[in-house]
Each structure stands twice: as structure tokens, then as C-alpha cells.
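If you want the building blocks of each chain, they are given just below.
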Amino acid sequence: MTYTKLQIDRAKLAGKGAFLLTGMGIAPWASIMPFVKDNLELNELYYTFLLLCFGIGAVVGMPLAGPLSKKFGVKRVLTLSFVSLFICVAAISIPSIDYINCALVIVIWGASLGVTEVANNIHGTYFEEISKEHMLSGFHAFETIGCLLAAFVFPILLVLDIQVFYVSLCVCIPSVILSLCIDRGLLNTHGIKEEKSKNNVQKLPVRTLIVVSGFACMLMYLCEGLVYDWSGVYLFDKCKVSLNTASLGYVFFQITVALFRLKGDLLINLIGPTKVLVIGSIFAFISLFLISLSHNPYVVIVLFALLGICVANIVPVIISNAAQNCGEDKAKAISLVGTLGYAGVMVGPAVLGFIASIFSLDAIFAFSGFLMIVMGALCFVALKHKSKVN
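Predicted model only: the values in this text are computed from it and were never measured.

1. Some thoughts on the overall build of the protein
Point 1. Counting its regular elements, the protein contains 16 helices and zero strands.
Point 2. Radius of gyration (C-alpha) of the protein: 20 Å, near the 21 Å computed for a compact globule of 390 residues.
Point 3. By principal-axis analysis of the C-alpha atoms, the protein measures approximately 60 × 45 × 35 Å.
Point 4. Relative to its 390 residues, the protein shows a buried fraction of 52%.
Point 5. Within the protein, contacts between residues at least 6 apart in sequence are counted, and of these 86% link residues at least 24 apart.
Point 6. Carbon and sulfur atoms make up 70% of the accessible area of the protein, which totals about 17500 Å².
Point 7. In the protein, the 26 positive side-chain charges and the 21 negative ones have mean positions that sit 12 Å from each other.

Here it is in C-alpha cells:
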């Protein structure tokens, strides 16, 4: 199918809007969940179960996104999942919600997010297919920008003593309206390649590519979870900063991720994806290892910013490569890679917490640095796999 320049420009803008909305659907989690815990007077066990519900929902939603996109088209899937996502954000903020309904809403929230993550990547890789350029890094940048935007809006409105439910509505209502507006601009791909490969694609190499790509994404998400869950604790406990500034490590990490994803497409087209990912993985190892050795807050915050630069383009490049070399069924491949990758979000906090309890807080950063070397090797294998499947 051919598109006019106007359609392509409109689809590019709509794609960026879709990723932005996904980020805005993730960020409220950090602000809302403390309210939920306090509102329902939960102990650690019941609260942990709610956290698990979110991960369960995402792992259920991601594999479903591929078949749903193939059957109904990515436009309908994205629009409905966005509406569901933001209804859940508002619903969980209702003061009168009980524990069972809260758990159910969180499962749906996680599932909606899982579907949007995969559907966005299906749309983004289709856009790459028709434009013949790497563009997924730029799209992913807007998800990070959406996270930062909502992460700033929520605390500011809460400081003004506005109830959490009304703060949620201030974010959710404009987000639902925006999702309905961008629907017209999205390209309604069904996740099937329009151009068939010239050579026959064997099943085993494609499975290998999906598994290797999924594990590379899993280690990247584990690294991101490390910064999200443990950077503040490390700065507070080891670097002796105040609670008010303990989140700066994560903030600077996300800012550099957003900036280098915005410029990632240019960088990848200039020097190639293999160099970007392998060199980034090596410097990610160096950054994390130095964090484990340093207790100077200024040095540690700079190293978190450097870490964001190093890992910014890992997931966009790996997903783009998997989509290009998976055979005809892109939707299935992207959903499988995403599901494997998200296991890092679910398993990571528990594994790192276990290591911290046995050894020390410093040890989890050194251990994660070693995993970045493993991730770099997996990225190298996945990108070199291209010649075997095309």
C-alpha cells in the first residue's frame, strides 16, 4: 500500500502521540500506589500482591496484542486500550474502591499497558517498513517524555492539596481526548509484512532471534527497574542525600534516555546499530560498576545520567531488528519479544532485592553491570542474526 506525504507526516505525528500517551499511562503508578496502600490500610503482603497484579496483567496483555492487531488492526486496538488504560488510572484513585476491585482494576491496567506497548511497536515498525529508515528510537523517546510529563504533573497537583481522584481526572480526560484525536492519523497495519522475504525463512533461526532479542530486552528492563527501584535508596542510604533529592538519579537517567532516543535514529543511521548497542553496553557496565564503588552523590547522579545515554536505544533497535527479520508475522514476533522482555520488570526487583539482602546495596549495581556485558553480547548476536534470516 502506498501513502501520500501528508498521510505519512500525519501518521508519524500520531505515532509519537501514541507513545506519549503510553508514557503518561505508566507514570501515575508511582504517585497513585502510595495513596492506594494508605487508603486501603494494606500491610506489605497485600500491597505486594497488588504490585504482582500489575505485572500479571502486562504479561497477559502483551501476547494478546499480536493476535488482536492481526484481527482488528492496530488503530482500533490502540484506541480501545488507551481508553481502558486511563479509565483504570482514574478508577484506582476512587477513595471508596475496595481491595478486590482494586486488584481487578490493576490487572486490567497492566493488560492495557501491555497491549499498548506491543501495538505501538507494531505501528512503529510498520512505519519503518514503508519509510525504509530506523525511526523507532524517536518514537520511544516520546514514551519517556510522557513518563516525565506525568511524573511532574502528578506531584505538583498533589502538593496543591487536590484529591488524588481529581488529579487523575486532570491527566486522564485530556489523554482520552488525545487518543481519540490521534486515531485518525494512525496507519491501520495488521502486523503482517507487505513485502515478503525473497528467501525462505526457517523456523529455528527465527525462534532463536526472538529468544535472544527477548532476553536482551529483559536485561535492559531489569537495568531500568534497578534505577527506578534502587537509585533513590542508594543515594539516600549510601550517598547520604535527603529524601527530597533522592529521586534525582532516576530523573537524570530518564532525561538522558529521552534526549538520546530523540537523536537515536540519526546516530543509528550514521554509525550503525551494532556499534551503538555494543559500545553502549560496555559503557553501561562501566557506569554501573563505578556507581557501586562511589558514594559521592554528584558523581553517582552523573553516572546515572551516563547510564541513560548508554542504554537509551537498546530496546528500540532490538525490537526493530526482530520485526525486520522475523518472517511475515511481525505482530506475533513483537508480542513475544515484549513478553520475554517484560519478565525483567517482574523478576528483576525480587532478584536484586535478594542479592542486596545477602551481600550489599553496592553489589546489585556491580551485578547489573555484569549483566550489561551479557546484554551487549545478546544484542551483537541478534543484530548479526540478520544475515541468517534474510
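2. With respect to the side chain of Ser213
Point 1. The residue Ser213 is located in helix H8 (residues 203-237) in this model.
Point 2. Among the residues examined, Ser213 registers a relative accessible area of 0% and is labelled buried.
Point 3. In this structure Ser213 touches Ile318, Ala322, Val337 and Ala382, once residues within four positions along its chain are discounted.

3. A few points about the nonpolar core
Point 1. With 119 residues, the main nonpolar core has Leu50, Ile92, Ile106, Leu307, Val311, Ile364 and Phe365 as its most contacted residues.
Point 2. Element by element, the count of residues in this core is highest for H8, at 16 residues.
Point 3. Leave out the neighbours within four places in its chain, and Leu307 touches Cys223, Val227, Phe253, Ala284, Ser287 and Leu288.

4. Focus on the packing of helix H1 (residues 5-26) against helix H4 (residues 74-91)
Point 1. Running from N to C, H1 and H4 cross one another at 25°; their axes reach a closest spacing of 10 Å. Accordingly, the angle class assigned to the pair H1 and H4 is roughly parallel. Helix-helix and strand crossings are classified by hand; for H1 and H4 the assignment is left-handed. Where H1 abuts H4, its residues Ala18, Leu21, Thr22, Met24 and Gly25 lie against Leu78, Phe82, Leu85, Phe86 and Val89.
Point 2. A per-class count over the contact of H1 with H4 returns eight nonpolar, two polar and no charged.

5. Section: the packing of aromatic side chains
Point 1. Going through the model one piece at a time under the given rule, you end up with nine aromatic pairs.
Point 2. A centroid spacing of 5.8 Å and a plane angle of 15° characterise the contact between Phe19 and Phe139, whose relative ring orientation is stacked. Note that Phe19 is positioned in helix H1 and Phe139 in helix H6 (residues 136-159), a separation of 120 residues in sequence. Grouping residues by exposure puts Phe19 and Phe139 together as buried.
Point 3. Both rings, one in Phe285 and one in Phe289, keep their centres 5.9 Å apart while their planes meet at 25°; by these two values the pair is stacked. A residue pair is termed a helical-turn pair when its members lie 3 or 4 positions apart in one helix, as Phe285 and Phe289 do in helix H11 (residues 273-293) at four residues.
Point 4. Between the NZ or CZ atom of Lys37 and the centre of the ring of Tyr47, over which it lies, the distance is 5.8 Å.

6. Notes on the packing of H1 against H6
Point 1. Relative to each other, H1 and H6 sit at 40°, their axes nearing to 6 Å. One way to sum up the angle between H1 and H6 is to call them oblique. For the crossing formed where H1 meets H6, the hand is right-handed. Where H1 approaches H6, its residues Lys12, Gly15, Lys16, Phe19, Leu20, Thr22, Gly23, Met24 and Ile26 are matched on the opposing element by Leu136, Phe139, His140, Phe142, Glu143, Ile145, Gly146, Cys147, Leu149 and Ala150.

7. Thoughts on the pattern of salt bridges
Point 1. Per the stated rule, a full pass over the model turns up two salt bridges.
Point 2. Of the charged contacts, one joins Lys330 and Glu129 as a salt bridge, the two residues approaching to 3.1 Å between their closest N and O atoms. Within this pair, whereas Lys330 is found in helix H14 (residues 330-358), its partner Glu129 is found in helix H5 (residues 99-131), the two being separated by 201 residues in sequence. Neither residue differs from the other here; Lys330 and Glu129 are each classed as buried.

8. Description of the environment of Leu113
Point 1. Inspection of the secondary structure assignment puts Leu113 in helix H5.
Point 2. Taking the relative accessible area as the measure of exposure, Leu113 reaches 4% and is therefore buried.
Point 3. Put simply, Leu113 and Phe54 are 59 residues apart on the chain and 9.4 Å apart in space, counted from C-alpha to C-alpha.

9. Describing the environment of Leu178
Point 1. Within the secondary structure, Leu178 is located in helix H7 (residues 164-182).
Point 2. Residues within four places of Leu178 in sequence aside, it is in contact with Leu20 and Leu21.

10. As for the confidence of the model for the protein
Point 1. The predicted model of the protein averages 87 in pLDDT, with 95% of residues at 70 or higher.
Point 2. In the model, residues 197-204 has pLDDT below 50 throughout and makes six contacts with residues more than four positions away in sequence or in other chains.

11. Topic: the side chain of Ser281
Point 1. Along the polypeptide, Ser281 turns up in helix H11.
Point 2. On the accessibility criterion, Ser281 (1% relative accessible area) is buried.
Point 3. A distance of 2.8 Å separates the side chain of Ser281 from the backbone oxygen of Leu277, its partner in a polar contact.
Point 4. Setting aside its immediate chain neighbours within four residues, Ser281 contacts Ile314, Met372, Met375 and Gly376.

Cut-off values and rules
- Residues numbered from 1 in each chain as written.
- Predicted model: local features only at pLDDT ≥ 70, side-chain atom pairs only at ≥ 80, totals over all residues.
- Heavy atoms only, no water.
- Helix = DSSP H or I, 4+ residues; strand = E, 2+ residues; numbered from the N terminus.
- Rg over C-alpha atoms; globule rule 2.2 N^0.38 Å.
- Buried < 20%, exposed > 50% of the residue type's maximum accessible area, 1.4 Å probe, protein only.
- Contact = heavy atoms within 4.5 Å.
- Areas by Shrake-Rupley, 256 points an atom, 1.4 Å probe, with all protein chains shown as cover.
- Lys, Arg positive; Asp, Glu negative; His and termini not counted.
- Charge placed at Lys NZ, Arg CZ, Asp CG, Glu CD.
- Core = buried A, V, L, I, M, F, W, Y, C linked by side-chain atoms within 4.5 Å.
- Axes fitted to C-alpha atoms, helices over the stretch in contact; angles between N-to-C directions.
- Parallel < 35°, antiparallel > 145°, perpendicular 65-115°, else oblique.
- Left-handed = near helix turned anticlockwise from the far one by under 90°.
- Nonpolar A, V, L, I, M, F, W, Y, C, P; charged D, E, K, R; others polar.
- Phe/Tyr/Trp six-rings, centres within 6.5 Å; stacked < 30°, edge-to-face > 60°.
- Lys NZ or Arg CZ within 6 Å of the ring centre and 35° of its normal.
- Salt bridge = Lys/Arg side-chain N within 4 Å of Asp/Glu carboxyl O.
- pLDDT = per-residue confidence, 0-100.
- Polar contact = N/O pair within 3.5 Å; in protein donor to acceptor, adjacent residues only side chain to side chain.

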